[in-house]
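# Survey of secondary and tertiary structure
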Amino acid sequence: MLAMNYRGPFRVRADRNRPYPEIMHPRDAIVRVTRSCICGSDLHLYHGLVPDTRVGSTFGHEFTGIVEEVGEEITTLKVGDHVLVPFNIACGTCSFCQQGLYGNCHESNPEATAVGGIFGYSHTAGGYDGGQAEYVRVPYADVGPTIIPAGMDLDDAVLLTDVVPTGYQAAEMGGIQKGDTVVVFGAGPIGIMAARCAWLFGAQRVIIIDHIEYRLEFARQYAKCEAYNFRSIGDPVFFLKKATDYYGADVCIDAVGCEAAGSAMQTFTGRKTLLQAGSATALHWAINAVKKGGIVSIVGVYGPTWNLVPIGNVVNKGITIRANQASVKRLLPKLVDHVMAGRLNPKELITHRVPLEEVSDAYHIFSQKLDNCIKTILIPPRAEAAA
Amino acid sequence: MKTEITPTPIHPAPGAGTDLPGWGIDADPTNNPTHPMKHYTGADHDRLNYPRALQQTRTVEVLQSNERPTLTRVFGTAVPPSGVSGMLRRYAFRFSEGSAGHWLTLILADRINAMEGIADDLRHGTVPNIFAERGWNAAWKHDRKNVIKRVAIGAAITAAVVTFAVMHKAGKKKLSI
Ligand SMILES: NC(=O)c1ccc[n+]([C@@H]2O[C@H](COP(=O)([O-])OP(=O)(O)OC[C@H]3O[C@@H](n4cnc5c(N)ncnc54)[C@H](O)[C@@H]3O)[C@@H](O)[C@H]2O)c1
Ligand SMILES: [Zn+2]
Ligand SMILES: [Zn+2]
């Protein structure tokens, strides 16, 4: 079958000779992919920053597809069902899943305890092949996969596998109160969605920070927020303090993660020399720009070793930090409702639709932020006909 | 030019998201600041005594964090460890997830693995098209200036190296006369 094949940092290709996946467990299903996105998280893999990313892996954790085959214990799905598949692989019964922490399942990743199983996200996240392929093995198919509601656009459905829940959870973890000023760092798909969702919680003012003009413009339109380029506002922390009567934002959201720009020291130690697990520039700004007693919500991804952040300020300001991989399944019922009611329209984020065969170019464009790219979906051959 | 910002307005600016449908619909005053996201059930105190799925059979080598005694009930089998990178990965898994020995060894293994990947391609009779894999088609289409710049820099470095080598050789010849 055709699938994306990782060959090393900055090198991926479409490969026609990948083996067709097999059922390996009675609770597995095999899904024929109809839509598959490239995510900012994939860029961390693509840039070689995630340990144990083995050559020959297939990435892709945001996909929809048609059930082709089910394991003998699967009764909730049947062949032919069109499903959206949350990016977390979760058993549904461990103590973490039972408490809604589907992103932290204890029975899906033998290779690390610090992260749950994720499709196509290195052996550190369980060693599963991902959905940037024609077919994919879906474990615990009775837990994650959700039948796409009648009338829902496939492009909306595929964004419900990660972007919408992650952006929403970023805002939710911010504990936003009516009247709050919320600052979102990062105007990628996640940050833009977080800014948009902040309004659902009653924010009074939403500010987004990035350094790519076309993304700031997109955020202004899509998320109806203020958007500023950190290259033209001087010291971003001072700028944000001034914007909030020298009080600090009520909530700061880090939707950038380990490849942040904006500080030569952080970039050198975090991205060039790997002396820390990526650069923590946005997180640094978030901690310093939030009010005393404020909340910093982190969905940006960082590596597993260590990062340079002003933890002393966290203590002295009494900041609450909340962070996680999004718990997609927990949020789906509410978010499906928001999408069906028109309160959220995720598919507007999609700027690029690329045949899976052109995966190398698609990665380059998204990684280098070319051609006004916000969100890219890959379309496997035969998928258009099926959809 | 510096962008200026105004302090928080008391009333939302016209056109702000406060007019969007659903504004405030999910506001929750108890979610401040640490209302648990976890739907606490006490399951934590049962530790690992929860109902489990059947065990997936181990068909390939699966490395396992030393912070857990057993395999998870399901696991991925994407790329079993092999070669020199595989040896390093096995070594890395002797260390806990809290140690640099674990993660930095894995990163080193990843870099070696990329070279093994090229060797593997060649062994299978494929010469990897590294330019295509790096998406240079797209770069040429959308970022041509940068491509030209990089090619020019590459050419200049090559020219400098070649010139240096030639002159060095010529110099040596002169000396030996
Ligand atoms: N926790 C989760 O469940 C989860 C899920 C999906 C994605 N993520 C993570 O969220 C992050 C964003 O994902 P994305 O798809 O939007 O990626 P993206 O690469 O499209 O967006 C990141 C944006 O941050 C901007 N940026 C860089 N440095 C900055 C700085 N110092 N301040 C402000 N902005 C800065 C970049 O210009 C870019 O526009 C990634 O780290 C990704 O791994 C987390
Ligand atoms: Zn993602
Ligand atoms: Zn679980």
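Bear in mind that the values here come from a model prediction, so they are computed numbers and not experimental data. (Residues numbered from 1 in each chain as written. Chains lettered and ligands numbered in written order. Predicted model: local features only at pLDDT ≥ 70, side-chain atom pairs only at ≥ 80, totals over all residues. Heavy atoms only, no water.)

Our next topic: the interface of chain B and chain A. Counting from both sides, the interface comprises 92 residues of chain B and, opposite them, 94 residues of chain A. Buried surface at the junction of chain B and chain A, both sides included, amounts to about 7,800 Å², of which 55% is carbon and sulfur. Here chain B and chain A share 7 salt bridges between them. For Asp26 of chain B, the salt bridge goes to Lys334 of chain A, with nearest N and O atoms at 4.0 Å. Counting across the chain B and chain A interface gives 44 residue pairs in polar contact (both at pLDDT 80 or more). The set of elements that each furnish at least two residues to the side of chain B that touches chain A consists of α2 (100-123), α3 (130-133) and α4 (136-142) of chain B. A per-element tally of the side of chain B that touches chain A places α2 of chain B first, with 11 residues. (Contact = heavy atoms within 4.5 Å. Buried area = accessible area lost by both parts, 1.4 Å probe. Salt bridge = Lys/Arg side-chain N within 4 Å of Asp/Glu carboxyl O. Polar contact = N/O pair within 3.5 Å; in protein donor to acceptor, adjacent residues only side chain to side chain. Helix = DSSP H or I, 4+ residues; strand = E, 2+ residues; numbered from the N terminus.)

Angles between donor atoms at a metal ideally measure 109.5 degrees for a four-coordinate tetrahedral arrangement and either 90 or 180 degrees for a six-coordinate octahedral one. Residue and element names in this part refer to chain A. Here the zinc ion (ligand 2) is held by Cys39 (SG), His61 (NE2), Glu62 (OE) and Asp162 (OD), and the distances to it run 2.0 to 2.3 Å. The site at the zinc ion (ligand 2) holds 4 donor atoms, and with the angles between them running 93 to 136°, its shape is irregular. Considered as a linear motif, the donors of the zinc ion (ligand 2) on their single chain read C-x21-H-E-x99-D. Here Glu62 lies in the loop between α1 (40-46) and β4 (63-70) and Cys39 lies in the loop between β3 (29-38) and α1, a separation of 23 residues in the sequence. (Donors = N, O, S within 2.8 Å, 3.2 Å for Na, K, Ca; no water. Tetrahedral: all angles 85-135°; square planar, octahedral: opposite > 155°, others 65-115°.)

Turning next to a nonpolar patch on the surface. Residues and elements named next belong to chain B. On the surface, a cluster of nonpolar side chains totalling about 280 Å² of accessible area is made up of Ile153, Ile157 and Val161. Locating Val161 in the fold gives a position in helix α5 (residues 144-176). When its relative accessible area of 52% is taken as the criterion, Val161 is described as exposed. (Patch = residues over 30% accessible without salt bridge, like charges linked within 9 Å, V, L, I, M, F, W, Y side chains within 5 Å. Areas by Shrake-Rupley, 256 points an atom, 1.4 Å probe, with all protein chains shown as cover. Buried < 20%, exposed > 50% of the residue type's maximum accessible area, 1.4 Å probe, protein only.)

Residues and elements named next belong to chain A. Coordination of the zinc ion (ligand 3) by the protein involves Cys91 (SG), Cys94 (SG), Cys97 (SG) and Cys105 (SG), with metal-donor separations of 2.3 to 2.4 Å. Note that the zinc ion (ligand 3) binds 4 donor atoms; their angles at the metal cover 101 to 118°, and the shape is tetrahedral. Here the donor residues for the zinc ion (ligand 3) map to a single chain with the spacing C-x2-C-x2-C-x7-C. Separated by 14 residues along the polypeptide, Cys91 in the loop between β6 (88-89) and α2 (95-98) and Cys105 in the loop between α2 and β7 (117-118) bring together distant segments of the chain.

Below, the discussion takes up the site of ligand 1. Residues and elements named next belong to chain A. Of all residues adjacent to ligand 1, which total 33 residues, the nearest are Ser41, Asp210, Arg215, Ala261 and Ala326. His44 is positioned such that a nitrogen or oxygen atom in its side chain is 2.9 Å from an oxygen atom of ligand 1. Surface burial for ligand 1 is 96%, taken as the share of its 860 Å² of free accessible area covered by protein chains. Among the secondary structure elements, those contributing two or more residues to the shell around ligand 1 are α1, α5 (189-200), β11 (205-210) and α9 (281-289). Here the element with the most residues in the shell around ligand 1 is α1; it accounts for 4 residues. (Near = heavy atom within 4 Å.)

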